[in-house]
Amino acid sequence: MTTSPLFRAKGIGKKNEDGTWLFRNVDLELQQGVLTVSGPSGVGKSTLLKCINQTISMDEGQVWLDEKTPDQWGIPAWRSKVMYVPQRTAIMEGTPLDFVEEVKRFGAHRKNLKENVFDDPVQIALDWGIRPDLWHSKWNTLSGGEMQRISIAIACSFRPEVLLLDEPTSALDESSCDQVEQTLGQLNCVWVTHNPQQAKRISTAGQLDMHAGDNSQQGSPSEVVVDEDGVHGNGKGHGHGHGHGRSNTKSSDTSASTSSSSQTVNAKPK
Ligand SMILES: Nc1ncnc2c1ncn2[C@@H]1O[C@H](COP(=O)(O)OP(=O)(O)OP(=O)(O)O)[C@@H](O)[C@H]1O
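The rules behind these values
Residue positions are given per chain, counted from 1 along the sequence in the order it is written. Where local features are concerned, this predicted model is filtered to residues with pLDDT of at least 70; where side-chain atom pairs are given and counted, the filter is 80 or more; whole-chain, interface and lining totals use all residues. Note: side-chain values were computed over all heavy atoms of the structure, leaving out hydrogens and water. For salt bridges, the criterion is a side-chain nitrogen of Lys or Arg within 4 Å of an Asp or Glu carboxyl oxygen. Secondary structure elements follow DSSP: runs of H or I no shorter than four residues count as helices, runs of E no shorter than two count as strands, and numbering proceeds from the N terminus. We call a residue buried when its accessible area falls under 20% of the maximum for its residue type, exposed when it is over 50%, and partly exposed in between, using a 1.4 Å probe and counting protein chains only. Think of it this way: one heavy atom of a residue within 4 Å of a molecule or strand is enough to make that residue near it. Pairing of N or O atoms within 3.5 Å defines a polar contact, subject to two protein rules: one partner must be a possible hydrogen donor and the other a possible acceptor, and residues neighboring in sequence count only if both atoms are side-chain atoms. Each residue gets one label: Ala, Val, Leu, Ile, Met, Phe, Trp, Tyr, Cys and Pro are nonpolar, Asp, Glu, Lys and Arg are charged, and the others, such as Gly, are polar. In this scheme, strands are said to pair when DSSP sees at least two bridges between them. Note on definitions: a residue-residue contact is assigned when non-hydrogen atoms from the two residues lie within 4.5 Å. Axis definition: a line fitted to C-alpha atoms, over the contacting stretch in the case of helices. Angles run 0 to 180 degrees between N-to-C directions.

The name that an unreviewed UniProt entry assigns to the protein is ABC transporter domain-containing protein, with the source organism given as Mortierella alpina.

Engineer: Can you help me understand the pattern of salt bridges in this one?
Structural biologist: If the charged atoms of two oppositely charged side chains come close together, the side chains can form a pair. Inspection of the entire model under this criterion finds six salt bridges. Arginine 24 is the partner of glutamate 60 in a salt bridge, and the nearest nitrogen-oxygen pair spans 2.8 Å. With glutamate 60 in strand S4 (residues 60-65) and arginine 24 in strand S2 (residues 21-30), the pair connects residues that are 36 residues apart, well separated along the chain. Accessibility expressed as a relative area gives 24% for glutamate 60, which makes it partly exposed. Overall, the relative accessible area of 28% leaves arginine 24 in the partly exposed class. A salt bridge links glutamate 181 to arginine 201; the shortest N-O distance between them is 2.7 Å. Here glutamate 181, found in helix H7 (residues 174-184), pairs with arginine 201, found in helix H8 (residues 196-202); they are 20 residues apart in sequence, far enough to count as distant. The class for arginine 201 is partly exposed, based on a relative accessible area of 44%.

Engineer: Mind showing me how you'd approach the site of the ligand here?
Structural biologist: The ligand sits among 15 residues. The nearest are Gly42, Lys45, Ser46, Thr47 and His194. Serine 46 places a polar side-chain atom, nitrogen or oxygen, 2.9 Å from an oxygen atom of the ligand. Mapped by element, the contributors of at least two residues to the shell around the ligand are strand S1 (7-15) and helix H1 (45-53). The element that contributes the greatest number of residues to the shell around the ligand is H1, accounting for three residues. Of the residues that constitute the shell around the ligand, the class distribution is four nonpolar, seven polar and four charged.

Engineer: In this structure, what is going on with the sheet that holds S2? I would like to understand it.
Structural biologist: Backbone-to-backbone hydrogen bonds pair the strands of a sheet. The strands run either parallel or antiparallel. Read from one edge of the open sheet, four strands run S4-S1-S2-S9, paired in mixed fashion. The outermost strands of the open sheet, each flanked by one partner alone, are S4 and strand S9 (213-214). Direction of pairing for S1 relative to S4: antiparallel, over a ladder of five bridges. Pairing of lysine 10 across the sheet is with glutamine 62, part of S4. Lying over the sheet, H1 contacts S1, S2 and S4, oriented at roughly 60° with respect to S2.

Next comes the structure, spelled out in structure tokens:
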């Protein structure tokens, strides 16, 4: 008996402003683990994640979580379950803890949302070398690497079903990168990376090698292929997951908030 994947995207397409296709026919499947997305700069990797998260509209295609579409979940719930962590954290007012509290306040009046659906982001980031006092620092005084780890820890603390990670370790040194990879490797992620060695390390659920324009002619699902030069897909691009079972991150209700401010970590609290 075939089981439906946790997350599925079919035929995703986004047009450029001039009406030509930036990318088209992108398919993804993720049951469990890390699915990497690579491709040249400008091919649309970030845009793909934003389309999946429903931050921007897609021109073609559909996405499902547990076989339900974003409309069926409701957009706030979708964004809290399929959570996007941008490449660069926008500088916000206040401190990271202010942001966390604000998000919780937004979520507090939501039906079914209880305080205990959150993990403690401070604790998560402690494993990554982020001292607790940094959570009381203004965002604009944090280093790029600190900001990056704090943003990811906040996203993890909401216990999303799937994390959409846009180069999440780009500002980190090797040791910090290892620590973050260890944690995120336990979760369900669609992970954009430019680094083939990193793709080799983290990709447990396939690889998508994005191409400009039509991505439909890339053959069967990618396998993790490793050779002496590092890692690459099998020349075929669909990142179907190979894992089994479900995430250890599944939560009862991760609808952490009611506004878009809390589904994208860098969004400014209103
Ligand atoms: N909402 C949008 N609608 C259409 N095109 C967009 C939208 N947002 C960004 N773009 C364009 O999509 C193109 C791809 O940008 P994107 O950031 O997705 O690429 P990328 O593959 O992630 O690049 P990099 O690897 O350099 O981060 C850019 O030319 C950008 O201007």
